[in-house]
Amino acid sequence: MKLRQKYKYEVISSEEGIIVKPVIEIIIQRIFGCFETPQICGKRVLLRLLSPASRPLQITEDLENFWTTTWPEICKEMKGRYPKHNWDYRQICEEKQ
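The notes below deal with the structure included here. Per chain, residues are indexed from 1 in the order of the written sequence. With the structure being a predicted model, the display of local features is reserved for residues of pLDDT at least 70 and the display and counting of side-chain atom pairs for 80 or more, all residues being used for whole-chain, interface and lining totals. Computation of side-chain values covers all heavy atoms of the structure but excludes hydrogens and water.

1. Describing the overall build of the protein chain
Stated formally: Numbered from the N terminus, helices here are DSSP runs of H or I no shorter than four residues, and strands are runs of E no shorter than two. Accessibility here uses a 1.4 Å probe with only protein chains present; expressed as a share of the type maximum, an area under 20% marks a residue as buried, one over 50% as exposed, and anything in between as partly exposed.
Of regular secondary structure, the protein chain possesses two helices and six strands. Across the 97 residues in the protein chain, those meeting the buried criterion constitute 32%.

Okay, structure coming up:
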């Protein structure tokens, strides 16, 4: 799946030294249908998932785990705040096939 989104890098200092992480900020509906964390130059991307109003929802490097564990709770909240938006990421996937 191609992500047409600008990305940047974040430099993190750790005990292992300096780590450079690719970061993508993306509105959550634009990543519906993507079940694996994207990679850039072999490095997993740090995803900053945003609401339709571009407000932060979640930060993750494990998109598969996000959909199964965290998403159901976020989805309930977003359905209340943005009732006109489609929040079923599985329905979007079926429409793309």
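2. With respect to helix H1 (residues 63-81)
We count it as follows: How far a helix is expected to stretch is found by multiplying one less than its residue total by 1.5 Å. One axis fitted to the seven residues ending at a residue, another fitted to the seven starting there: the angle between these axes is the bend at that residue.
The end-to-end C-alpha distance of H1, which contains 19 residues, comes to just 23 Å, noticeably less than the 27 Å that a straight helix rising 1.5 Å per residue would cover. Trp71 marks where H1 bends most, by close to 60°; the proline Pro72 follows one to four residues later. Residues of H1 that are buried include every one of Leu63, Phe66, Trp67, Trp71, Ile74, Cys75 and Met78, and no others.

3. Looking at the pattern of salt bridges
Condition: Salt bridge criterion: a side-chain nitrogen from Lys or Arg within 4 Å of a carboxyl oxygen from Asp or Glu.
Under the counting rule described, the total for this entry stands at four salt bridges. A salt bridge links Arg44 to Asp62; the nearest nitrogen and oxygen atoms lie 4.0 Å apart. With Arg44 in strand E4 (residues 43-44) and Asp62 in the loop between strand E6 (56-60) and H1, this residue pair connects regions lying 18 residues apart in the sequence. A relative accessible area of 39% means that Arg44 is categorised as partly exposed. By relative accessible area, which is 33% here, Asp62 ends up partly exposed. Glu73 is the partner of Lys76 in a salt bridge, and the nearest nitrogen-oxygen pair spans 3.9 Å. Residue Lys76 and its partner Glu73 are located together in helix H1, separated by three residues, close to a single helical turn.

4. Notes on the nonpolar core
Nonpolar side chains tend to gather and get buried jointly when the protein is soluble and globular. For clarity, the cut-off: In these notes, a set of buried Ala, Val, Leu, Ile, Met, Phe, Trp, Tyr and Cys residues joined through side-chain atoms within 4.5 Å is what counts as a nonpolar core.
Residues Ile28, Ile31 and Trp71 are the most contacted members of the largest nonpolar core, which totals 19 residues. Elements supplying a minimum of two residues to this core: strand E2 (17-27), strand E5 (46-50) and H1. No other element matches the seven residues that H1 contributes to this core.

5. Comments concerning the packing of aromatic side chains
Going by this rule: Pairing of aromatic side chains here covers Phe, Tyr and the six-membered ring of Trp, requires ring centres within 6.5 Å, and sorts the geometry by plane angle: under 30 degrees stacked, over 60 edge-to-face, intermediate tilted.
Across all of its chains, the model carries five aromatic pairs by this definition. When the centroid spacing of 5.8 Å and the interplanar angle of 75° are considered together, the rings of Phe32 and Trp71 count as edge-to-face. In this pair, Phe32 sits in the loop between E2 and strand E3 (39-40) while Trp71 sits in helix H1, placing the two residues 39 residues apart along the sequence. Per residue, the accessibility class of Phe32 equals that of Trp71, and both read buried.

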